[in-house]
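Chain residues, written in single-letter form:
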Amino acid sequence: MARRVAVVGAGMTRFVRRAQETGKELAWEASREALASCELPLDRIDAVCLTSAPDAFDGVHMKGEYLSDGAGAFGRPFIRTYVGGGSGVFTAIQAFYTVASGMADVVLAVAEEKMSSTQPHPQGAFLTIFDNILERPLGPNLLWIFALEMNRYMTVHGIDKRDIAAVAVKNKRNAADHPAALLGQADITIEDVLASETLAWPVQRLDVSPISDGAVAIVVASEEAAKQITSDPIWIQGVGWNLDTAYWTNRDLVFPEYVANAARMAYGMAGVTEPRKQIHVAEPYDPFDYKELHHLEGLLLFDKGKAPEAARDGVLDRKGDLPSCPSGGLLGVGNPIAAAGLMKIAELFWQLRGEAGARQVPGTPERGVAQAWGDLMQVGTVVVMGREGPPTTATQLETPPAATPATSLSDAEFRSATGAVEDEIGARYAWDAGVAIGRFLDGLRQGKILGRECRVCHRVLVPPRMFCERDFRGTDAWVQVEHTGVVQTFSICNVRWDMQPLDEPELPAVIAIDGSDGGFLHTLGEIEPDEIRIGMKVEAVWKPVSERTGSILDIAYFRPRQGDRASGSPPGRDAS
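Residues numbered from 1 in each chain as written. Predicted model: local features only at pLDDT ≥ 70, side-chain atom pairs only at ≥ 80, totals over all residues. Heavy atoms only, no water.

1. Brief notes about the overall build of the protein
Right, on to step 1. Counting secondary structure elements, the protein contains 16 helices and 23 strands.
Right, on to step 2. A globule of 576 residues ought to have a C-alpha radius of gyration of about 25 Å, and the protein, at 24 Å, matches this closely.
Right, on to step 3. Counting only C-alpha atoms and orienting by the principal axes, one finds that the protein spans roughly 75 × 55 × 50 Å.
Right, on to step 4. Residues classed as buried in the protein amount to 59% of the 576 residues present. (Helix = DSSP H or I, 4+ residues; strand = E, 2+ residues; numbered from the N terminus. Rg over C-alpha atoms; globule rule 2.2 N^0.38 Å. Buried < 20%, exposed > 50% of the residue type's maximum accessible area, 1.4 Å probe, protein only.)

Okay, structure coming up:
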């Protein structure tokens, strides 16, 4: 039988843009503060679990080993995990099962992120998450996928953009009370959010969390060790994680099923049968304001499409019926990817102990849920934490406890700093397309769109694959499908991946291909931005035969089919 596991300490650096401290130093500061918070020397730590997001942020391969010294791992069992933005919560899960299994009694879990080293913008590291054969040739922007999902979510449920903007306002106001916050703003309004620059419609600048550097650490202990360390442990009652398919254009983006699956797993372990009644504080992942709402629904705390009403009506406020991101979340405190996830765990620890200072929620919360998400909208990680008794702290403490403030540098200050180092790694790649995609690309050269059929689940898979990920068996036959389709969702993108403005907006869309059960990402043409709408019927426009090379770009773009141009603005367009 698994042992009970508790969080007994936590520490956090300030989240800043371009921290002068190295990644190792940020990890060390957070680890030192976590140990100090529960008065533990490093020699009480049996193992270290660390996470950090893409190596491309730092340009250091095997970044886990690079950071290990700063995380206290010298001479100890050590493991680094990475599941995209879900990593911060997952490293707490990893520490949990390391202790629950009996492999260790006390584990230090550390999450570090230094985004600002990537030049000219950290999105450069994220461009590599797109499919290297079918999507990257389109020149995608990371904002595309969030804008596409947000548009789908808003349109299907008829959501007013003002209700989404309320989340950004709530979190930035909450962060004004956080000693580690980058972007707290006590006086921000919904009008400020709606008036901010549109990056990729419907995503505006103040809908987005800021680039940040920072680190967080927690100390996780077995029941026996926890009771020796503190009189006020906070128990990890349930954990869950789930992975959806990487074929993100093959699923409806309106509901995060991967979060719901992870939540069911965690709630089942924690004995939570009525989440809305049994969860008293929530820290969902909020890199964009709509994602907090999306994730609250995935956490089964609200019915589908109903979380925006809760934001509008104040239910999610710090003093509301279900406080959500009372810390200020990623939108206000900052978003150093992996560290932001572990911050969620640390914040629940402080809230449930009554130690969150000015950001403490009213009453005596007994149970909370933390969640993080990552990659191409497919990773769900969830942790349920609880007190199981009244708080024992006699005084209100302010946390993080005496964390050393990280030093922020502007670009100009960085370049004039002694020892500043800039480097450009020259690397080229050549990829094999594989059997399925190879034939798909050859079909494009011939002006055909090909899929593969699975005769068990009766799906025609586009893009094609030689196996069905649902049935985990080989697909059965090639099928030529139509070169027409329907716009599932779209965006109007005004900036490049490095946030520089575009002369003409890009019009990415997810196209559901007729005759198939899937579709793919492409761009729209021969249409004005204000004419596009979800549900529009479109057709492929092929390059001349002499210009086709066997690439996704052999389709120049998709255009509206005759008689299917929209009149007026799409639903909700005027909301921003």
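2. Some details on the sheet that holds strand β6 (residues 203–204)
Right, on to step 1. Spatially, β6-β5-β18-β19 is the arrangement adopted by the four strands of the open sheet, whose pairing is antiparallel. Every other strand in the sheet has two partners, leaving β6 and β19 (501–506) as the edge strands with one partner each.
Right, on to step 2. Sheet topology places strand β18 (residues 492–495) next to β19; two bridges connect them, and they run antiparallel. Looking at β19, one finds that Val-495 is bridged to Pro-501.
Right, on to step 3. Seen against the sheet, helix α5 (residues 142–157) touches β5 (198–201), β6, β18 and β19 and runs at an angle of roughly 60° to β5. (Pairing = 2+ DSSP bridges. Contact = heavy atoms within 4.5 Å. Axes fitted to C-alpha atoms, helices over the stretch in contact; angles between N-to-C directions.)

3. What to know about unusual backbone geometry
A negative phi holds for most residues other than glycine; trans holds for most peptide bonds.
Right, on to step 1. Of note, the amide linkage connecting Gln-119 to Pro-120 takes the cis form, showing an omega dihedral of 0°.
Right, on to step 2. The topology assignment puts Pro-120 in the loop between β4 (106–114) and α4 (123–126).
Right, on to step 3. Residue Pro-202 follows Trp-201 across a cis peptide bond; omega there is 10°.
Right, on to step 4. Mapped onto the elements, Pro-202 comes out in the loop between β5 and β6.
Right, on to step 5. The phi angle at Leu-300 is positive, at roughly 65°, despite the residue not being glycine.
Right, on to step 6. Along the chain, Leu-300 turns up in the loop between α11 (289–298) and α12 (307–312).
Right, on to step 7. Overall, the relative accessible area of 30% leaves Leu-300 in the partly exposed class.
Right, on to step 8. Here His-458, not a glycine, exhibits a phi torsion of approximately 65°, which is positive.
Right, on to step 9. Looking at where His-458 falls in the secondary structure, it is placed in the loop between β12 (449–454) and β13 (459–461).

4. Some remarks on a nonpolar patch on the surface
Right, on to step 1. The grouping of Tyr-97, Trp-241 and Met-265 at the surface amounts to a nonpolar patch, some 270 Å² of accessible area in total.
Right, on to step 2. Along the chain, Trp-241 turns up in strand β8 (residues 234–243). (Patch = residues over 30% accessible without salt bridge, like charges linked within 9 Å, V, L, I, M, F, W, Y side chains within 5 Å. Areas by Shrake-Rupley, 256 points an atom, 1.4 Å probe, with all protein chains shown as cover. Salt bridge = Lys/Arg side-chain N within 4 Å of Asp/Glu carboxyl O.)

5. A closer look at the nonpolar core
Right, on to step 1. Core analysis: the biggest nonpolar cluster contains 144 residues, and Ile-218, Leu-301, Ile-449 and Leu-524 have the highest contact counts within it.
Right, on to step 2. A per-element tally of this core places helix α14 (residues 337–352) first, with twelve residues.
Right, on to step 3. The contact partners of Ile-449, leaving out residues within four places of it in the chain, are Phe-440, Leu-444, Val-462, Val-479, Gln-480, Val-481, Glu-482, His-483, Ile-513, Phe-520, Trp-542 and Ile-555. (Core = buried A, V, L, I, M, F, W, Y, C linked by side-chain atoms within 4.5 Å.)

6. Remarks on a negative patch on the surface
Right, on to step 1. Taken together, the side chains of Asp-503, Glu-504, Glu-528 and Asp-530 define an acidic patch exposed on the protein surface.
Right, on to step 2. The topology assignment puts Asp-503 in strand β19.
Right, on to step 3. You can call Asp-503 exposed: its relative accessible area is 79%. (Lys, Arg positive; Asp, Glu negative; His and termini not counted. Charge placed at Lys NZ, Arg CZ, Asp CG, Glu CD.)

7. Description of the packing of helix α9 (residues 257–270) against α11
Right, on to step 1. Close contact between α9 and α11 brings their axes to 8 Å; oriented N to C, the two are set at 45°. In terms of axis orientation, α9 runs oblique to α11. For the element pair α9 and α11, the recorded crossing hand is right-handed. Only Lys-291, His-295 and Gly-298 of α11 make contact with α9, whose side of the interface consists of Tyr-258, Val-259, Ala-260 and Ala-263.
Right, on to step 2. Residues belonging to the contact of α9 with α11 are distributed by class as follows: four nonpolar, two polar and one charged. (Parallel < 35°, antiparallel > 145°, perpendicular 65-115°, else oblique. Left-handed = near helix turned anticlockwise from the far one by under 90°. Nonpolar A, V, L, I, M, F, W, Y, C, P; charged D, E, K, R; others polar.)

8. Digging into the packing of helix α6 (residues 161–175) against α11
Right, on to step 1. Here α6 crosses α11 at 105°, and the two axes come no closer than 7 Å. As judged from the angle between their axes, α6 and α11 are roughly perpendicular. The segment α6 lies against α11, with Asp-163, Ile-164, Ala-165, Val-167, Ala-168, Lys-170 and Asn-171 engaging Asp-289, Tyr-290, Glu-292 and Leu-293.
Right, on to step 2. Looking at the contact of α6 with α11, its residues break down into six nonpolar, one polar and four charged.

9. Overview of the sheet that holds strand β20 (residues 508–513)
Right, on to step 1. Across the sheet, which stays open at both edges, the five strands sit in the order β21-β20-β17-β22-β23 with antiparallel pairing between neighbours. Among the strands making up the open sheet, the edge pair consists of β21 (519–523) and β23 (555–560). Taken pair by pair, the neighbouring strands of this sheet meet at an average axis angle of 45°, ignoring direction.
Right, on to step 2. Summarising the sheet, strand β17 (residues 484–490) and strand β22 (residues 537–542) pair through three bridges and their orientation is antiparallel. When the bridges of β22 are listed, Gly-485 appears paired with Val-538.

10. Section: the pattern of salt bridges
Right, on to step 1. This structure, assessed with the given rule, holds 37 salt bridges.
Right, on to step 2. Two residues, Arg-3 and Asp-105, come together in a salt bridge whose shortest N-O distance is 2.9 Å. Separated by 102 residues along the polypeptide, Arg-3 in the segment before β1 (5–12) and Asp-105 in the loop between α3 (87–100) and β4 bring together distant segments of the chain.
Right, on to step 3. Notably, a salt bridge pairs Lys-306 with Glu-309, separated by 3.5 Å at the nearest N-O pair.
Right, on to step 4. Shared partners join several salt bridges into a network, and the residues in it are Arg-4, Glu-223, Lys-227 and Glu-388.

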